[in-house]
Structure formats: C-alpha cells, structure tokens
Amino acid sequence: MTCVTSPTYSLSLNGSSFGFFHGKRGLRQGDPLSPLLFTLCMEYLSRILKVVGQQNDFKFHPLCGHIKLNHLLFADDLLLFSKGNAVSIMWILRAFATFSAASGLCLNKDKSEIFFNGVHSQTIGDILQVSGFREFPMGGQDSYYRAPAVSWDRCCISKKEGGLGIKDPKTWNKALFGKYVWWIASKKDHLWVKWINHVYMKGTHWTSYSPPNDCRWSWKQIAHTMETFKAAYVSDNWLGTSANYTPKEGYIWLRPSHPQVLTAIFVMMSLKIICISSTNVISVIVKQAIRDVSKRFWSRNKSAINSNEDAWLQRLKTL
C-alpha cells in the first residue's frame, strides 16, 4: 500500500494550491494504477471462492458443476452461482467475510440482488433471511402504443437510400448474437464456448445442430441465429475469409439493400417555386444546378449526364 499512502495531495481553490496531505485509501479518479489494484484484490476473492467450490457440502449450480464455475467477474460487477440451498449460500457469505476482513471492502447488500429459479418458496425465504439480499423481481408487463406515422422499416434504411439511418434494433440484436455464432464456428478458447459445447452441443457441428425443446429461451435464440448465419460461412469462416466477425458487418449482411435515392429529384422540388417567376436568367441558374447534381450520380457516363439534363429541362418547361 506504499504507492497509495506515500503520495501527497493539495487542493486547488480559485487558481491557487493550498496545503498538503497524505493519501490513506483509494486512488485519484482516472489513475492508471486503479485497474491493476482492483484486479489484484479481485484475484484474492476469486481464489477464496475457488476454495469454497472444493468444500463437500457446497453445491454448484446444476449447469455449472462440470466446469466448477461459481463466480464471474466483469469490471466492478460480480456474478455468483450455486445451488438454491442455504448451506451453499452460507459458504459464499463466509467467503465474503474472509475477503472483507483482509481487504476492508464490505458487501453492499442494498446494491446486491439474488435470482431464484425452481427453488421452493420456504427455501427462498430462508436464504433471503440469512443473506440479507433482495430478490430480483422477475416479470413485467409490456405496453403497446398506437401505430407510428412512418414505417419503421423506412426509418432504418440508410440516408443514402432515402431513410433516416437509424439502426433496426431487432436486426442489430441479431448481429450482436452473430458474435456468439462466430465464436462457436471458429472454436474460440472461451469459457462460454466450452460450457455450450458441454451442456448443449455435445460435439455436434454447429451447422447441423438443432436445439432441444427443453433448453433455455436464450439458447434457442442463439441457435436460431446460427441457422440464419449459415449462408454467411464457408468452411467455418466468416464470408469465406479469415477475417474476424464484427457486428457492424453482420448488420450490413442481414439488412437488404435498397436503390439509392437521387438528390436531383428533391432539388427540382425546391426549384419549382423559383421558376414561377422565371426569366432567362433563372433558367441558366437552374440548368447549372441540374448539371452539378447530375455529375454526382452519372459522372462515369457523360452521355447519361447530357440526356438526364435535357430531360430535366423539358420538365421545367411544364412548371
């Protein structure tokens, strides 16, 4: 802790520095040393929880016992897994007590929640009373509103194709699921891939796999995404290359393309008002505007530019 307690700090008030004091705990916000210290502390907690998993009366979650998984750490979030009985919960609480006594970090029960699935109500009450955790409220009710004035599909088309360029959330979610498909297809050395292969796929190749009827809803969605992405893989390679999959590329592959909208049409709509009181000078301005717009779309074909320009000028005579 010398690197934490030895530095001195001063306060800056109205452009001037006042006083010095030594640090005693914690780091300054944004200090590059913070992630390293956090990892060191969480490594100690992780080792304690691994020892808990070795106890005879501690029971793993039914789907995590084969790989001895009872916790996952991500940034400052901690996920714990165990069988829904009071003895296993007591072992986890003992682990936290040991960690708190060594590090001074205490569990914030107001920000902690516990999930139950298939546990008897009496057992749930006992666990909540012993742990002091809150039960996460499962469920909810969807709300539906009137139909929007503009088609959502039209809003999700790119701006070049005449839409608003908003990402379609359903398609984007499927593109994100495509990352899991790529992990499975490329046989990534991930804990999640190992768990999936052991629990669900059991050595079956992903292109010929069908999910069982009693599997979880989340896995059914991933399996459905695998079925969708089959056409994008050649010999387990994304788009037949060795390139890594990205959700952005998956989204583009999933979304159908639309013909590009010609900006010249909208230019003509704005020019129609001008031409009500048109003169010979106005016609020259319009002709130049049409030529500038046309060059953006037909720059590779000069004859197309000239023919398109003549068509617009014929249209102007009827305004």
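Residues numbered from 1 in each chain as written. Predicted model: local features only at pLDDT ≥ 70, side-chain atom pairs only at ≥ 80, totals over all residues. Heavy atoms only, no water.

## Overview of the overall build of the protein chain
Condition: Labels follow the DSSP assignment, with helices taken as runs of H or I lasting at least four residues and strands as runs of E lasting at least two, numbered in each case from the N terminus. Every residue pair with non-hydrogen atoms within 4.5 Å of one another is taken to be in contact. Note that accessible areas follow from Shrake-Rupley with a 1.4 Å probe, and for residues the cover is restricted to the protein chains shown.
Per the secondary structure count, the protein chain includes 12 helices and eight strands. Of the contacts made within the protein chain by residues no fewer than 6 positions apart, 46% connect residues no fewer than 24 positions apart. As displayed, the protein chain offers around 22,500 Å² of accessible surface, 57% of which is attributable to carbon and sulfur atoms.

## Details of unusual backbone geometry
With phi around 55°, Lys68 is a residue other than glycine that occupies positive phi space. Along the chain, the position of Lys68 falls in the loop between helix H2 (34-53) and strand S3 (71-74). For Asp236, which is not glycine, the phi dihedral falls at a positive 65°. Here Asp236 lies in the loop between strand S7 (233-234) and strand S8 (237-238).

## Side note on the packing of aromatic side chains
Put simply, the test is: Between rings of Phe, Tyr and Trp, where Trp is taken as its six-membered ring, a pair exists when centres lie within 6.5 Å; planes separated by under 30 degrees are stacked, by over 60 edge-to-face, and by other angles tilted. Accessibility here uses a 1.4 Å probe with only protein chains present; expressed as a share of the type maximum, an area under 20% marks a residue as buried, one over 50% as exposed, and anything in between as partly exposed. To sit over a ring, a charge needs its Lys NZ or Arg CZ within 6 Å of the ring centre and within 35 degrees of the ring normal.
Summed over all chains, the structure comprises 17 aromatic pairs. Geometrically, the ring pair formed by Tyr200 and Trp219 is stacked, given 5.1 Å between the ring centres and 10° between the ring planes. One end of the pair, Tyr200, is in helix H7 (residues 191-201); the other, Trp219, is in helix H8 (residues 217-229), with 19 residues separating them in the sequence. Each member of the pair, Tyr200 as well as Trp219, is classed as buried. Counting every residue linked through ring pairs, the aromatic cluster contains Trp206, Phe229, Tyr233, Trp238, Tyr245 and Trp253. The ring centre of Trp91 lies 4.9 Å from the NZ or CZ of Arg94, which sits over that ring. Across from the ring centre of Trp172, 5.1 Å away, lies the NZ or CZ of Lys167, which sits over that ring.

## Considering the packing of helix H6 (residues 169-185) against H8
Two quantities define a packed helix pair, namely the angle between the axes and the distance from one axis to the other. The condition is simple: Think of each axis as a best-fit line through the C-alpha atoms, taken over the contacting stretch in the case of a helix, with angles from 0 to 180 degrees between the N-to-C directions. Throughout, the term roughly parallel applies to angles under 35 degrees, roughly antiparallel to angles over 145, roughly perpendicular to angles from 65 to 115, and oblique to all others.
Contact geometry for H6 and H8: axes closest at 9 Å, N-to-C directions at 80°. Relative to H8, the element H6 lies roughly perpendicular. Here Lys174, Ala175, Phe177, Gly178, Tyr180, Val181 and Ile184 of H6 lie close against H8, whose contacting residues are Ser218, Trp219, Gln221, Ile222, His224, Thr225, Met226, Thr228 and Phe229.

## Considerations on H8
The following threshold applies: Expected helix span is taken as 1.5 Å per residue step, with the number of steps being one fewer than the number of residues.
End to end, H8 covers 19 Å across 13 residues, agreeing with the expected 18 Å (1.5 Å per residue, within 8%). Its buried side turned inward, H8 meets H6, H7, S7, S8 and helix H9 (247-254).

## Details of the pattern of salt bridges
Put simply, the rule is: Salt bridge, as used here, is a side-chain nitrogen of Lys or Arg placed within 4 Å of a carboxyl oxygen of Asp or Glu.
Going through the model one piece at a time under the given rule, you end up with six salt bridges. The partner of Glu43 in a salt bridge is Arg47, and the shortest N-O contact between them spans 3.0 Å. Of the two residues, Glu43 and Arg47 both sit in helix H2, four residues apart, roughly one turn of that helix. The partner of Arg134 in a salt bridge is Glu113, and the shortest N-O contact between them spans 3.6 Å. Taken together, the positions of Arg134 in strand S6 (residues 134-135) and Glu113 in strand S5 (residues 113-114) put the pair 21 residues apart, joining distant regions of the chain.

## A few points about the pairing of strand S1 (residues 8-13)
The condition that has to hold: For two strands to pair, DSSP has to find at least two bridges joining them.
Taken together, the five bridges between S1 and strand S2 (residues 16-22) define a ladder with antiparallel strand orientation. Across the sheet, residue Tyr9 finds its bridge partner in S2, namely Phe21. The antiparallel hairpin formed by S1 and S2 contains two residues in its connecting segment, where Asn14 sits at a positive phi of about 55°.

## Here's the deal with the packing of helix H3 (residues 86-103) against helix H4 (residues 121-131)
Definition in use: Should the near helix be turned anticlockwise from the far one by less than a right angle, the crossing is termed left-handed; should it be turned clockwise, right-handed.
Two elements in contact, H3 and H4, have axes whose closest approach is 10 Å; the angle formed by their N-to-C orientations is 15°. By the angle class used here, H3 and H4 are roughly parallel. H3 and H4 meet at a crossing whose hand is right-handed. Here H3 contributes Ala86, Ile89, Met90 and Leu93 to the contact with H4, which in turn contributes Ile127, Val130 and Ser131.

## Focus on the nonpolar core
For clarity, the threshold we go by: Residue types Ala, Val, Leu, Ile, Met, Phe, Trp, Tyr and Cys, when buried and joined through side-chain atoms within 4.5 Å, form a set referred to as a nonpolar core.
Formed by 28 residues in total, the largest nonpolar core has its most connected members in Tyr200, Trp206, Trp219, Met226 and Tyr233. Counting residues per element, the ones that place at least two in this core are H6, H7 and H8. Not counting residues up to four positions away in its chain, the partners in contact with Met226 are Val181, Ile184, Trp206, Tyr209 and Trp219. Membership of the second largest hydrophobic core comes to 12 residues, among which are Leu45, Ile48, Phe58 and Phe96.

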